[in-house]
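# Summary of structural features
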Number of protein chains: 2
Amino acid sequence: MPLTIGDLGKATNTKVETVRYYERIGLLPKPSRSTGNYRTYGATELGRLSFIRRARDLGFSLDQVRALLGLSDDGTCDCAGIDRIANEHLREVDRKLADLTALRRELKAVIDSCDGGTVAECRIIEALGPTIDG
Amino acid sequence: MPLTIGDLGKATNTKVETVRYYERIGLLPKPSRSTGNYRTYGATELGRLSFIRRARDLGFSLDQVRALLGLSDDGTCDCAGIDRIANEHLREVDRKLADLTALRRELKAVIDSCDGGTVAECRIIEALGPTIDG
DNA sequence: CTTGACCCTGTAGCTGCTACAGACACTAGA
DNA sequence: TCTAGTGTCTGTAGCAGCTACAGGGTCAAG
């Protein structure tokens, strides 16, 4: 029972356009076609797309996904290579978390500076403005 | 002492192309020109661009920056409106932090699942693969 | 035999820049 | 005065990772 692109999309929570996009950039192989020129998919493609989506959900870039798929396609399961990509990504995530945390703290400070009452001057605007010592 | 676009860029840590981009999308007003058709800037523009950059550093979108500038340009300092935008952004940041934290936890779990040794099968690939109950 | 849901290709749009190409302006040194 | 090297100008195209059309073809149900 071959799947249409719509079926595949539903099964993997992916928009049809995105499936075609993945095909275009070479993440998914060109599928076989029905008599009416419809793309037809099977369990293999379903697995591959699930893999891609899961990796994307975990924040891997498409390039990283491509690399993971390449290593995974290797008969030899290059666990070290995969571990390297995953850990690299983890470090990236940690950097982003740190950045975002710092940003939040600063943003909060700016907002709180305005909290004091109904002064005529807006402290947020002031806080966002150019620094005096520039 | 009018500033060239390069001076302005250096003073605000902004690339020249970015300054022109901000002008094109209407964040910065069209500046006056020198005899040689060079853009010339003064303290007002410097202040405005500093404001934009600071807001961008704090993660505000260009649309939000536009709104903040609009409210700030209002003679009446609409502190409530500004506070609303800033707090909305803060909530966004908190959402992102939560998402990223959850992502990190899951990513860590996937990586750790592979940590046990030199098994023939890669647990990362497995963990990324399709769920059985799908 | 028509309606509606799906599919096809190709292209343009989104955010927030960044990077050219090809031409003109200006400054410092020979 | 010439020249080299920097800056600036406009316009356009590119990046990620999709998303959204337009303008058509296909297929199943009633």
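First things first, this report covers the structure right here in the doc. Everything numeric here is computed off the predicted structure, so don't read it as measured data. (Residues numbered from 1 in each chain as written. Chains lettered and ligands numbered in written order. Predicted model: local features only at pLDDT ≥ 70, side-chain atom pairs only at ≥ 80, totals over all residues. Heavy atoms only, no water.)

The next point concerns the protein's contact with DNA strand D. Contacts to DNA strand D come from 19 residues, most closely from Arg56 of chain A together with Gly6, Arg20, Tyr38 and Arg39 of chain B. Per the 4 Å cut-off to the protein, sugar and phosphate atoms form 75% of the nearby atoms of DNA strand D. For DNA strand D, a base nitrogen lies 2.9 Å from a polar atom in the side chain of tyrosine 38 of chain A. At 2.8 Å from a phosphate oxygen of DNA strand D is found a main-chain nitrogen or oxygen belonging to glycine 6 of chain B. Per element, the largest residue contribution to the surface near DNA strand D is four residues, and it comes from helix 2 (residues 16-24) of chain A. Its residues placed into classes, the surface near DNA strand D shows six nonpolar, seven polar and six charged. (Near = heavy atom within 4 Å. Polar contact = N/O pair within 3.5 Å; in protein donor to acceptor, adjacent residues only side chain to side chain. Helix = DSSP H or I, 4+ residues; strand = E, 2+ residues; numbered from the N terminus. Nonpolar A, V, L, I, M, F, W, Y, C, P; charged D, E, K, R; others polar.)

Here we come to helix 3 (residues 43-57) of chain B. Residues spaced three or four apart along an α-helix face the same direction, because each turn holds 3.6 residues. Between its first and last C-alpha, helix 3 of chain B extends 21 Å over 15 residues, near the 21 Å set by a 1.5 Å rise per residue. Taken residue by residue, helix 3 of chain B has Glu45, Gly47, Leu49, Ser50, Phe51, Ile52 and Ala55 of chain B as its buried positions. (Expected span 1.5 Å × (residues − 1). Buried < 20%, exposed > 50% of the residue type's maximum accessible area, 1.4 Å probe, protein only.)

Counting residues at the interface gives 41 residues for chain A, matched by 41 residues for chain B. Summed over both partners, the interface of chain A with chain B comes to about 3,700 Å²; 78% of that surface belongs to carbon and sulfur atoms. Across the chain A-chain B interface, the total number found is four salt bridges. Glutamate 106 of chain B is paired through a salt bridge with arginine 54 of chain A; the nearest N and O atoms lie 3.0 Å apart. (Contact = heavy atoms within 4.5 Å. Buried area = accessible area lost by both parts, 1.4 Å probe. Salt bridge = Lys/Arg side-chain N within 4 Å of Asp/Glu carboxyl O.)

So, about the protein's contact with DNA strand C. Every one of the 20 residues lining DNA strand C counts as a neighbour, but Thr4, Gly6, Arg20 and Arg39 of chain A together with Arg56 of chain B are closest to it. Sugar plus phosphate, as a fraction of atoms of DNA strand C within 4 Å of the protein: 82%. At 3.4 Å from a base oxygen of DNA strand C is found a side-chain nitrogen or oxygen belonging to tyrosine 38 of chain A. At four residues, the largest contribution of residues to the surface near DNA strand C is made by helix 2 (residues 16-24) of chain B. In terms of residue class, the surface near DNA strand C is built from seven nonpolar, seven polar and six charged.

Residue and element names in this part refer to chain B. For the pair helix 2 and helix 3, the least separation of the axes is 12 Å and the interaxial angle reads 100 degrees. Taken together, the axes of helix 2 and helix 3 are roughly perpendicular relative to one another. Contact with helix 2, carried on its side by Thr18, Val19 and Tyr22, involves Leu49, Ile52, Arg53 and Arg56 of helix 3 and no other residues of that element. (Axes fitted to C-alpha atoms, helices over the stretch in contact; angles between N-to-C directions. Parallel < 35°, antiparallel > 145°, perpendicular 65-115°, else oblique.)

Take the relation of the copies chain A and chain B next. Both copies of the chain are tied together by a single rotation about an axis and a shift running along it. It takes a turn of 180 degrees to lay chain A on chain B, together with a shift of 0.0 Å along the axis; the resulting RMSD is 0.1 Å. In short, the pair behaves as if placed about a two-fold rotation axis. Proximity to the rotation axis, assessed at the C-alpha, singles out leucine 97 of chain A in chain A; its C-alpha lies 3.4 Å from the axis. Residue by residue, 100% of the interface of chain A is reproduced at the interface of chain B, so both copies engage with the same surface. (Least-squares fit on C-alpha atoms with pLDDT ≥ 70 in both.)

Time to look at the nonpolar core. Core analysis: the biggest nonpolar cluster contains 68 residues, and Ile52 and Phe60 of chain A together with Ile52, Phe60 and Ile124 of chain B have the highest contact counts within it. Shared between two domains, this core takes at least three residues from each, and those domains are domain 1 (1-60) and domain 2 (94-134) of chain B. If sequence neighbours within four positions are ignored, isoleucine 52 of chain A has contacts with Tyr22, Leu27, Leu28, Val65 and Leu69 of chain A. (Core = buried A, V, L, I, M, F, W, Y, C linked by side-chain atoms within 4.5 Å. Domains from an automatic or database assignment.)

Residues and elements named next belong to chain A. Three or more residues of helix 1 (residues 5-12) are buried, namely Ile5, Leu8, Gly9 and Thr12. Seen from one end, helix 1 has its buried residues packed into an arc of 100 degrees, which puts them on one side. Turned more than 90 degrees away from the buried face of helix 1 sit Lys10 and Ala11, all of them exposed. Turning to helix 1, the residues buried within the fold contact helix 2, strand 2 (39-40) and helix 3 (43-57). The positive-phi residue at the C-terminal boundary of helix 1 is asparagine 13, with phi of around 55 degrees. (Arc of directions from axis to C-beta.)

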